[in-house]
Amino acid sequence: MQKDFLWGGAIAAHQVEGAYDEAGKGLSIADVMTKGDVDTPREITDGVLPTKYYPNHQAIDFYHHYQEDVDLFAEMNFKCLRISIAWSRIFPNGDETEPNEAGLEFYDQLFAYMKERQIEPVVTLSHFEMPYYLVEHYGGWRNRRMIEFFTRFAKVVIERYQNLVKYWLTFNEINNQSLTENPIFAFTNSGLIFKDGDKRDQLMYQAAHYEFVAAAKVVQFAHQLNSNLMVGCMVAASPYYPNTCNPEDILKAQAMNRGQYFFSDVQAWGYYPKYILKHWEKSGIKLDITDDDLKTIAAETVDYIGFSYYLTSTVSSDPKLEKIGSGNAAGTDTVLNPYLKKSAWGWTIDPLGLRYYLNEMTDRYHLPLFIVENGYGAKDHISADGKIHDDDRINYLKEHIIQMKKAIEEDGAEVLGYTVWGCIDLVSFTTGEMKKRYGMIYVDVDDNGKGSFKRSKKDSFDWYQKVIATNGEEL
Ligand code: BG6
């Protein structure tokens, strides 16, 4: 492993910060999502309703605990921490021309503190966040004006933090929205609320197009401002395996993989691949795409590909096989993979899939890769000795790191870093639960927001500390 490998952890503003209405912050889309569970989807309400519970309003209160939390990350030897900036702290409604200084000051302090602790920030501009006002008044990314609002926000923060932040990511898991059958992704990726009669795929591709244009403008701006800056795209790795060697299964898996790769293809290659143009033609999808847009997308492409990796999915052309959803970004058209175990939330566990995906991405893009999320969501049990012995989490991480190392050392992938998702317990994105915990640091708060908010170390804390100290030699 290279000496400057960026070991660390990852969190997102809405899942940790809390303080949802402090220091001039506006409502964000995450603030109108209620708590669900493994069987009940989160509800997206029309504004904040007094009768509902919104877990992101206080989350783990990182806003007031960030020093203590960064100290713990430093103790774990983190080289980097992936965070995101809450857009509605900076532009509370989203369409203002001047930013909210108090919002900017919070991140001034956070980045300064991280620098003191020698932790490099990796910053996502939009991690399932946008001011809710933009949804209400502009319909989210169905509206071209979002390009202007987003780039204004991005320019303000990139300019302000350019000397503290080198690594930037534009839209978190931009490809999740392709799963239009699940309305949560369209909302969290793009602020889209589908109405009856909406052509969901058409709207989704339109939103993605505006996001590609906005992201390309951000890459261009960052490069012109400061040649040290690196801007990546961010996708959810969701490789689809064919269920059998039946060529029909192989073709189906290929088509589904293209549906996912599309989002990084455009941002890495700078043009729309032919397969998608054909798909649009066949499906009668007509988009607002101008020549200027295409020039913008072509002008500057991303410096690296950031991705999250949790699971793989398996697809079959056989209509008789039972369909199962297998978690995040998998979709519903997937079948059981008998070779893989699952987490309690039904997410397949497939460390070899990480090696496979790293190799696929390397061959496709010849760009540096950054694993900006990988982790194990599970219930924690406090043992009689008062500690959390999270061996399953340690095993999960260990097995994935082994496969990452093989991809780097034996297969030739270039990987900038690895950040453990939810390095401190946080609010689950898909379910809004606290009990689905990813952390190496436990936070005493439950699904109803009750608890002392005290932080404590799990066994995985000491384990990861050693992994980083030995640059991945001791697992
Ligand atoms: C990714 C997101 O989808 O997976 C994170 O980028 C999210 O925001 C993570 O938390 C894990 O998903 P969940 O639903 O288990 O929190």
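What counts and how
- Residues numbered from 1 in each chain as written.
- Predicted model: local features only at pLDDT ≥ 70, side-chain atom pairs only at ≥ 80, totals over all residues.
- Heavy atoms only, no water.
- Phe/Tyr/Trp six-rings, centres within 6.5 Å; stacked < 30°, edge-to-face > 60°.
- Helix = DSSP H or I, 4+ residues; strand = E, 2+ residues; numbered from the N terminus.
- Buried < 20%, exposed > 50% of the residue type's maximum accessible area, 1.4 Å probe, protein only.
- Lys NZ or Arg CZ within 6 Å of the ring centre and 35° of its normal.
- Pairing = 2+ DSSP bridges.
- Right-handed = clockwise from strand over helix to strand, strands pointing away.
- Salt bridge = Lys/Arg side-chain N within 4 Å of Asp/Glu carboxyl O.
- 1 Å grid on protein atoms, 1.4 Å probe; cavity = no way out; pocket = protein on both sides within 12 Å on 5 of 7 lines; lining within 4 Å.
- Points joined across faces, edges and corners; volume = space filled by probe spheres on them.
- Nonpolar A, V, L, I, M, F, W, Y, C, P; charged D, E, K, R; others polar.
- Arc of directions from axis to C-beta.
- Contact = heavy atoms within 4.5 Å.
- Near = heavy atom within 4 Å.
- Polar contact = N/O pair within 3.5 Å; in protein donor to acceptor, adjacent residues only side chain to side chain.
- Areas by Shrake-Rupley, 256 points an atom, 1.4 Å probe, with all protein chains shown as cover.
- Sits in = over half its atoms within 2 Å of the grid points.

Draft legend 1. Up close: the packing of aromatic side chains. Inspection of every chain in the model, using the stated rule, returns 40 aromatic pairs. Geometrically, the ring pair formed by Tyr205 and Trp280 is edge-to-face, given 5.5 Å between the ring centres and 70° between the ring planes. Remark: Trp280 occurs in helix α10 (residues 274–283) and Tyr205 occurs in helix α8 (residues 200–225); sequence separation between them is 75 residues. Side by side, Tyr205 and Trp280 carry an identical accessibility label, which is buried. Ring geometry for Phe262 versus Phe263: centroids 4.9 Å apart, planes at 70°, classification edge-to-face. As far as burial versus exposure is concerned, Phe262 and Phe263 are alike and both buried. When the ring centre of Phe106 is taken as reference, the NZ or CZ atom of Arg89 above it lies at 5.7 Å.

Draft legend 2. Looking closely at the pairing of strand β11 (residues 369–373). Counting buried residues in β11 gives 5 out of 5 residues, a clear majority hidden from the surface. Here strand β7 (residues 304–309) runs beside β11; their pairing, made up of 4 bridges, is parallel. Residue pairing in the sheet places Phe307 in a bridge with Ile371 of β11. Taken together, β11, helix α13 (residues 391–409) and strand β12 (residues 415–421) form a β-α-β motif whose crossover is right-handed.

Draft legend 3. Quick peek at the pattern of salt bridges. According to the stated counting rule, one finds 29 salt bridges in the structure shown. Two residues, Lys25 and Asp31, come together in a salt bridge whose shortest N-O distance is 2.9 Å. No difference in accessibility class separates Lys25 from Asp31, as the two residues are buried. Each of the salt bridges in this network shares a partner with another, and the network as a whole consists of Asp380, Asp390, Arg393, Asp425, Arg437 and Lys458.

Draft legend 4. Geometry of empty space enclosed by the protein. With the rule as written, the count across this model stands at 9 cavities of 30 Å³ or more. Taken as a whole, the largest cavity holds about 150 Å³ of empty space. The wall of the largest cavity is formed by 15 residues, among which Gln15, Tyr310, Glu373, Trp421 and Phe429 lie closest to the centre. Residue composition of the lining of the largest cavity, by class: 6 nonpolar, 6 polar and 3 charged.

Draft legend 5. Quick look at helix α11 (residues 291–299). Within the span of α11, buried status applies to Asp293, Thr296 and Ile297. Seen along its axis, α11 keeps its buried residues to an arc of 95°; they face one direction. Exposed residues lying more than 90 degrees from the buried face of α11 are Asp291, Asp292 and Lys295. At its buried positions, α11 is contacted by α8 and α9 (247–269).

Draft legend 6. The site of the ligand, seen in detail. Close to the ligand lie 15 residues; Glu173, Glu373, Thr430, Lys436 and Tyr438 are nearest. Asn172 is positioned with one of its side-chain polar atoms (N or O) 2.9 Å from an oxygen atom of the ligand. Within the backbone of Phe429, an N or O atom sits 2.7 Å from an oxygen atom of the ligand. Protein contact buries 100% of the 380 Å² of open area that the ligand shows by itself. At a threshold of 2 Å from the grid points, most atoms of the ligand map onto the largest cavity. Its residues assigned to classes, the shell around the ligand shows 6 nonpolar, 6 polar and 3 charged.

Just geometry here; none of it tells us what the structure is for.
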